[in-house]
Structure formats: structure tokens, C-alpha cells
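A look at the structure
What follows is the residue order along each chain.
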Amino acid sequence: MKKKYFEKGFTTTFLLFVSTACMQAQQQSLPTTPDRNDTFASYPASSVTKDDDRTGGSPTVPPSGNFDLSQWKLTLPVSKTSYFGSGGSSTAEILPGENCNVSGFTGDPLDDGYEDSNYFYTSSDGTMVFETPLSGGASTISSSYVRSELRELYDWSPCEGDGAANWSPSGTHVLSGTLKVVDYYAADPQTVVGQIHAKNSDKALLKLQWDGPTKDIRAIVNANPTSGNPFSIDFGLIPGTDEWSYVITLDDGTMTIAVTYNGTTVTESVTFGSGSMSSDWNNHAYYFKAGNYAQADKNSGGNFEVRFSALNTSHSN
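Report on the accompanying structure. This is a predicted model, so every value here is computed, not measured. (Residues numbered from 1 in each chain as written. Predicted model: local features only at pLDDT ≥ 70, side-chain atom pairs only at ≥ 80, totals over all residues. Heavy atoms only, no water.)

**A few points about the overall build of the protein chain**
For the protein chain, the count of helices and strands is 2 helices and 17 strands. Here the protein chain holds 317 residues, and the buried ones make up 57% of them. Looking at the protein chain alone, contacts between residues at least 24 apart form 72% of all its contacts between residues at least 6 apart. (Helix = DSSP H or I, 4+ residues; strand = E, 2+ residues; numbered from the N terminus. Buried < 20%, exposed > 50% of the residue type's maximum accessible area, 1.4 Å probe, protein only. Contact = heavy atoms within 4.5 Å.)

Printed below as a string of C-alpha cells:
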């Protein structure tokens, strides 16, 4: 049995330190919303368990040697054909569990040894690296951007499809992470590091975005699952390339985002059916995403690297 620093229980915990080359391209000019509550607090940034001087686990094992990846799949910034040798132009994905990839992939599963020094690997400090080169590649159906990003597989079993691997907005659902952007495309430094997505909408409910070394962390929220109507929430915190943390909570139709940097936490919340937020969001099923989803031209020749030193999900109904 391979050693895990964190075992999966009711709460799935990962320590990752994702290095992501961030981008600023196409900075969206979105309205800010008055329909939210702002809270400022000052307390320690995160409770990350450390192994001596490292922020992650062992630097000599693949990511699955340090982190439980059994309830995530990894989307790569390349096509199935270019990565697996067949499968078409859609993005390559690495699944956990038994080797059931329909693309014909015969390598190690995500949660049992998979690594690739171009996209997904363990850094020298034992953290998990998500790397997204802007060298062409493949994007998902509803996007023109590329990513190295985890997609949550809630209540999923190996070899199943992910169509039902989602959760309802009732109950309490939490995604938290501690991360650092290590490398980014200076001409367009923007990358998304955390998301809430709805299964049957091409509009993300939430994208939490790092906008470059001199910009505030911001959340991009779609008010409506059909029309979008996005607005932006700025947190007034500029971590640059330093480590910072977030906690994203969806609790019975109220979404709360807390961002922490240098001992200061800013918390914002919106509620379905209140203010500009559509009540239609109550009719969707959801999943979390985390990693390095670069918001720059995929043919620009840059690179993004993001490192997470902590990543955690929990669900209760």
C-alpha cells in the first residue's frame, strides 16, 4: 500500500503547491455588484500541515504519493490524439481508479502513479505542480483557453462516466486551497485557480482569478446560468507571487468566497434569487474545479505554473 500524507475520509484533503504561469490577457471589464456582504478579518492565513521545512509531501514520489486524487480527474492542455495517439481533438483527461480511459491511455491512473513533467508533477519542495504552456494545444468545448486543471468527481466510482458526479446546491459544499503563482505569461497574466461549475450550463457560477502580480484577486460570478450577466468582485488583496488562500462555500443557495493574504481575510457572499443573482441557479447540479486555467491566448508562447500547498473539499447535506 502506498503511503498517503492525508487519507480520504468524509473530507477529501490534498496538499498541493501548484506553480501556474499566470496571465493578464483580455482583462474583462465587468461591473461590480452591490448585492453582497463584505467582511474583513485578520487571522492566520491557513492551517497547512508541513513536513519539516517543506510545504508539501515527499519530493521523490508522483503527486498521488502525497495526495489522495481518487475523486478528481485531470484535464490536460493537449488533445487526446496528440497525447494518447488516438481519440480525436478533444482534451486529454487522466482518470483515477482502474485504467478505464476510453482514449486508449495505458499509463498509470491519476491516483496511482501518474505524472508528466510537462503538465503535472511533484516539485522539489514536495508540492503539486499544474503547468499550462501556451503552445497551441486543445481546449474544452465551451472555452478557447487551455488548462491543467482538476475536475471534482463527486461520489464517483472507477470506470463510470462523470455525468452524475455532481452535487446539489442544498447542504454545505466547500472548496479551499492555499497556492502560489510561480510563473506566468507577463504580457497577459491571468489564470483561474478555483471554480464552481454547473453540469448543464456553459456559464461557470464562479471563477476565482489571479490577475497578475500587481492586481487584486477577484471573483467572476455569472448572475444567470443561461445569459451569464457576469460581474466582478475585487478582494482588495494583491499577493503577487506570494502564497495566499481561499475558501469557497455554497451553503443552501448562498455562495461565500473568503480570500486570505498576509494574515488578512476578505469575505464576500451572494445568494441565489437575491439582487442580481438568478434563482435558476437552484435548479442545477455542481462540481468544483481547481488548478491552472490560463486566461491568455493559447498560441502566445507563454507559460503558467501554479503550486497548491493545500487543497480541500467537503460536502454535507
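Text resumes after the structure shown.
**Examining the nonpolar core**
If you look at soluble globular proteins, the nonpolar side chains tend to sit buried side by side. Within the largest apolar cluster, 55 residues are counted, with the highest numbers of intra-cluster contacts made by Ile 196, Leu 208, Trp 244 and Tyr 246. Look past the residues within four positions of Tyr 246 in its chain and what remains in contact with it is Leu 175, Ser 176, Gly 177, Leu 179, Val 193, Gly 194, Leu 208, Ala 258, Val 259, Ala 290, Phe 308 and Leu 311. By size, the runner-up hydrophobic cluster in this structure holds 5 residues, among which are Leu 134, Ala 294, Ala 296 and Phe 304. (Core = buried A, V, L, I, M, F, W, Y, C linked by side-chain atoms within 4.5 Å.)

**Remarks on unusual backbone geometry**
Apart from glycine, the bulk of residues carry a negative phi angle, and the bulk of peptide bonds sit in the trans form. Positive phi values are uncommon outside glycine, yet Asp 155 reaches one of about 55°. With a phi close to 50°, Asn 229 is a non-glycine residue in the positive phi region. One can find Asn 229 in strand 12 (residues 228-234). On the accessibility criterion, Asn 229 (47% relative accessible area) is partly exposed.

**Thoughts on the pairing of strand 12**
Sheet analysis places strand 11 (residues 218-224) next to strand 12, joined by 6 bridges and oriented antiparallel. Counted as the bridge partner of Asn 224 is Gly 228 from strand 12. With antiparallel pairing between neighbouring strands as the criterion, strand 11 and strand 12 make up a hairpin whose turn holds 3 residues. (Pairing = 2+ DSSP bridges.)

**Some details on the sheet that holds strand 7 (residues 147-152)**
With respect to topology, 8 strands assemble into an open sheet ordered 4-3-7-16-9-10-11-12, the strand pairing being antiparallel. Here the strands that pair on one side only, and so sit at the sheet edges, are strand 4 (91-94) and strand 12. Strand-to-strand, the axes of this sheet are offset by a mean angle of 20°, without reference to chain direction. Across 3 bridges, the pairing between strand 3 (residues 72-79) and strand 4 is antiparallel. If you follow Ser 79 over to strand 4, its bridge partner there is Thr 91. (Axes fitted to C-alpha atoms, helices over the stretch in contact; angles between N-to-C directions.)

**As for the side chain of Glu 149**
Tracing the chain through its elements places Glu 149 in strand 7. Residue Glu 149 is classed as buried on the basis of its relative accessible area of 0%. Among the polar contacts listed, one links the side chain of Glu 149 to the side chain of Arg 147, at a separation of 2.9 Å. Within the structure, Glu 149 has its side chain in polar contact with the side chain of Lys 289 (distance 3.3 Å). Residues within four places of Glu 149 in sequence aside, it is in contact with Lys 73, Leu 74, Thr 75, Phe 130, Gln 195, Lys 289, Ala 290, Gly 291, Asn 292 and Tyr 293. (Polar contact = N/O pair within 3.5 Å; in protein donor to acceptor, adjacent residues only side chain to side chain.)

**Here's the deal with the packing of aromatic side chains**
Considering all chains together, one arrives at 13 aromatic pairs under this definition. Both rings, one in Trp 244 and one in Tyr 246, keep their centres 6.1 Å apart while their planes meet at 50°; by these two values the pair is tilted. Comparing Trp 244 with Tyr 246 shows no difference in burial state: the two are buried. One aromatic cluster is present, formed by Tyr 114, Phe 120, Phe 130, Trp 244, Tyr 246 and Phe 308 through successive ring pairs. In this structure, Arg 147 is placed above the aromatic ring of Tyr 293, and the distance from its NZ or CZ to the ring centre is 3.7 Å. Taking NZ or CZ as reference, Arg 151 lies 3.5 Å from the ring centre of Tyr 287, over its face. (Phe/Tyr/Trp six-rings, centres within 6.5 Å; stacked < 30°, edge-to-face > 60°. Lys NZ or Arg CZ within 6 Å of the ring centre and 35° of its normal.)

**A look at the environment of Asn 292**
Position of Asn 292 among the secondary structure elements: in strand 16 (residues 286-294). Take Asn 292: its relative accessible area is 0%, and that puts it in the buried class.

**A look at the pattern of salt bridges**
Per the stated rule, a full pass over the model turns up 7 salt bridges. When the shortest N-O distance is used, the salt bridge between Glu 305 and Arg 307 registers 3.3 Å. For Glu 305, a relative accessible area of 10% translates into the label buried. (Salt bridge = Lys/Arg side-chain N within 4 Å of Asp/Glu carboxyl O.)

**Re the pairing of strand 6 (residues 128-133)**
Among the 6 residues of strand 6, 5 are classified as buried, and the element is accordingly described as predominantly covered. Sheet topology places strand 5 (residues 120-122) next to strand 6; 3 bridges connect them, and they run antiparallel. Within strand 6, the residue paired with Tyr 121 across the bridge is Val 129. Here strand 5 folds back onto strand 6, and the loop between the two strands holds 5 residues, one of which, Gly 126, carries a positive phi near 85°. Examined bridge by bridge, strand 6 and strand 17 (residues 303-316) share 6 bridges and lie antiparallel to one another. Directly across from Val 129, in strand 17, lies its bridge partner Arg 307.

**Description of the side chain of Asp 211**
Within the element layout of this structure, Asp 211 appears in the loop between strand 10 (206-210) and strand 11. A relative accessible area of 2% places Asp 211 in the buried class. In terms of polar contacts, Asp 211 uses its side chain to reach the side chain of Gln 209, at 2.7 Å. Within the structure, Asp 211 has its side chain in polar contact with the side chain of Arg 218 (distance 2.4 Å).

Distances and angles like these do not, on their own, reveal function.
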